[in-house]
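Examining the three-dimensional arrangement
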Amino acid sequence: MEFYDVIRARRAVRKYKPDMVPEEIIYKILDAANWAPSGMNTQSWEFVVVTGDKLEDMGESLARIYAPLAENMDPDKRGPYMDNIRNFFGAPVVILALAPAQKNEVMRKMHLEGVCAAFENLLLAACAEGLGSCWMTGPLQEEAFLRELLSIGEDKEIVAVTPIGYPEFIPKAPPRLDPDLKQKVTWFK
Ligand SMILES: Cc1cc2nc3c(=O)[nH]c(=O)nc-3n(C[C@H](O)[C@H](O)[C@H](O)COP(=O)(O)O)c2cc1C
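Given the structure is predicted, the values throughout are model-derived calculations rather than measurements.

Between its terminal C-alpha atoms helix α4 (residues 75–86) stretches 16 Å, which fits the 16 Å expected from 12 residues at 1.5 Å a residue. Inspection of α4 places Met82, Asn84 and Ile85 among the buried residues, and these make up the whole buried set. Looking straight down α4, one finds that the buried residues subtend no more than 155 degrees of arc, so they occupy a single side. α4 presents Asp76 and Pro80 as exposed residues on the side facing more than 90 degrees away from its buried surface. Looking one or two places after α4, you find phenylalanine 88, whose phi comes out positive at around 50 degrees.

The local shell around the ligand consists of Arg10, Arg11, Ala12, Arg14, Tyr66, Cys134, Trp135, Met136, Thr137, Gly138 and Pro174. Between the ligand and glycine 138, the relevant distance is 2.7 Å, taken from an oxygen atom to a main-chain nitrogen or oxygen of the residue. In isolation the ligand offers 630 Å² of accessible surface; the protein chains occlude 63% of this area. Looking at the shell around the ligand residue by residue, the classes come out as 6 nonpolar, 2 polar and 3 charged.

Scoring rules and cut-offs
Throughout this document, residue positions are counted from 1 along each chain, in the order its sequence is written. Local features in this predicted model are restricted to residues whose pLDDT is 70 or higher, and side-chain atom pairs enter the listing and the counts only when it is 80 or higher, whereas totals over whole chains, interfaces and linings include all residues. With hydrogens and water stripped out, all remaining heavy atoms of the structure feed into the side-chain values. Under the DSSP-based scheme used, a helix requires at least four consecutive residues in state H or I and a strand at least two consecutive residues in state E, with every element numbered from the N terminus. A helix's residues, less one, multiplied by 1.5 Å, set its expected span. Here the term buried applies to any residue with accessible area under 20% of the maximum for its type, exposed to any over 50%, and partly exposed to those in between, with areas from a 1.4 Å probe on protein chains only. The arc in question is formed by the directions pointing from the helix axis toward the C-beta atoms. Any residue with a non-hydrogen atom lying within 4 Å of a molecule or strand is treated as near it. N or O atoms within 3.5 Å of each other form a polar contact, as long as, within protein, one can give a hydrogen and the other can take it, and as long as residues adjacent in sequence are counted only when both atoms are side-chain atoms. Accessible areas in this description were obtained via Shrake-Rupley with a 1.4 Å probe; residue shielding takes into account the shown protein chains only. Each residue gets one of three labels, nonpolar for Ala, Val, Leu, Ile, Met, Phe, Trp, Tyr, Cys and Pro, charged for Asp, Glu, Lys and Arg, and polar for the others, Gly among them.

Rendered as structure tokens:
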């Protein structure tokens, strides 16, 4: 896919086929992440790839977070909706991005921005490979649980989480709020 087509095609995918993603493809998209820019060239991102039993546990954790949000749903829809959440959207793989924990706010920002650049590379590479993803910070509501489950120490900050897998359903692109970039760009000439 052409570069700008990938940028437009990437969607937050929340329903996946169960097919496993080949390990070499996972490494290919992680390699794309690893080529991101970083403050002071620290390349300080780290990734945790989760499949199997621990992914099932992460799905349970996601269900605990989403259950209150689903309370007011039509009862017919709530069951299938929560089943999808409990399966982490049916994704066979989940990837977490980590940054080094920092007390200094300036350094923290620098590392976070580098990790986010890497994470976006990962999501775009996934799209180019025909894979879906969904940048998620919601799972961090169970941060203590995730740390314990995945042995992530306090020396790391969990930045974001994404399911990875072959999409079962790709939502329509949300329209751009300012497609002509009239409000979002200030240009001094
Ligand atoms: C920082 C960030 C946090 C997000 N957290 C979540 C989340 O917790 N759960 C979720 O379903 N989607 C999450 N999203 C995905 C957004 O909802 C999605 O990107 C947005 O609705 C636009 O849709 P698109 O990605 O298909 O363009 C997050 C996206 C970003 C960038």
